[in-house]
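So the chains spell out like this:
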Amino acid sequence: SITWINREQATVTGVEFEARKSLEALTDHLKGLTLGANIALIQSETAFSADEYQFKTNSAFHTGLNRPLFDQSPYIINLDLNYECPTSGTSVTLAANLTGERIVLTTAQGPDIYEHPPVTLDLVIGQKLGKHWSFRFGVKNLLDPEYLQTFGREAQSAVRQAYKRGRTFSLAVAAEF
């Protein structure tokens, strides 16, 4: 049986940095190219209840008094390389994402289940057609890497499951009048 229990209190602290730079500053041949980065560092914490702590320690699993919040990664890194050509109306964006390990299932006894997301890569190509029309083609999860879930925080822990999410393709046509 899987259910949830809301915590009476938790603490989340973090900091986020973002930067975007035109690569044209390096050479005129890179006109239209920009590089962007976004990094978030997050610390989340909630205390085990007395019963949870008792169950965790009785199962011969060493644990502290606290754990991170469900589904909260300690870091998120996004990078993107964007090309835009105003004369042709073409745009291309290649985006990479790296997210730190996160709890996907807490257990009453033993270690919690952590997901170790891989680096993902997305591609979006846009094209304006005439004065009013445009289209976009996108591929999310371009490389379709393997996701890993383990019993405990370390990637070397016993594997619960490994899986792939598959790729998602999209096509959009828009008109502006």
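A brief structural summary. (Residues numbered from 1 in each chain as written. Predicted model: local features only at pLDDT ≥ 70, side-chain atom pairs only at ≥ 80, totals over all residues. Heavy atoms only, no water.)

Turning our eyes to something else, we now look at the side chain of Thr 99. The residue Thr 99 is located in strand 5 (residues 90-99) in this model. Looking at Thr 99, its side chain comes within polar contact range of the side chain of Asn 97, at 2.9 Å. Ignoring sequence-local partners within four residues, the contact set of Thr 99 consists of Ser 73, Tyr 75, Ile 76 and Pro 117. (Helix = DSSP H or I, 4+ residues; strand = E, 2+ residues; numbered from the N terminus. Polar contact = N/O pair within 3.5 Å; in protein donor to acceptor, adjacent residues only side chain to side chain. Contact = heavy atoms within 4.5 Å.)

Moving on, we come to the pairing of strand 10 (residues 146-151). Note that strand 7 (residues 113-116) and strand 10 share four bridges and pair antiparallel. Bridging from a neighbouring strand, His 116 pairs with Leu 148 of strand 10. Bridging between strand 10 and strand 11 (residues 159-164) involves five bridges; their strand directions are antiparallel. Paired with Leu 148 across the two strands is Ala 162, which belongs to strand 11. (Pairing = 2+ DSSP bridges.)

Next up on the list: the packing of aromatic side chains. Evaluated as defined, the whole model comprises three aromatic pairs. Their ring planes at 90° and their centres at 6.3 Å tell us that Trp 133 and Phe 177 sit as a pair that is edge-to-face. Of this pair, Trp 133 sits in strand 9 (residues 133-140) while Phe 177 sits in the segment after strand 12 (168-175), and the two are 44 residues apart along the sequence. Classification of Phe 177 by relative accessible area gives exposed; the value is 79%. Cation over ring: Arg 165 sits above Tyr 147, and NZ or CZ is 4.2 Å from the ring centre. (Phe/Tyr/Trp six-rings, centres within 6.5 Å; stacked < 30°, edge-to-face > 60°. Buried < 20%, exposed > 50% of the residue type's maximum accessible area, 1.4 Å probe, protein only. Lys NZ or Arg CZ within 6 Å of the ring centre and 35° of its normal.)

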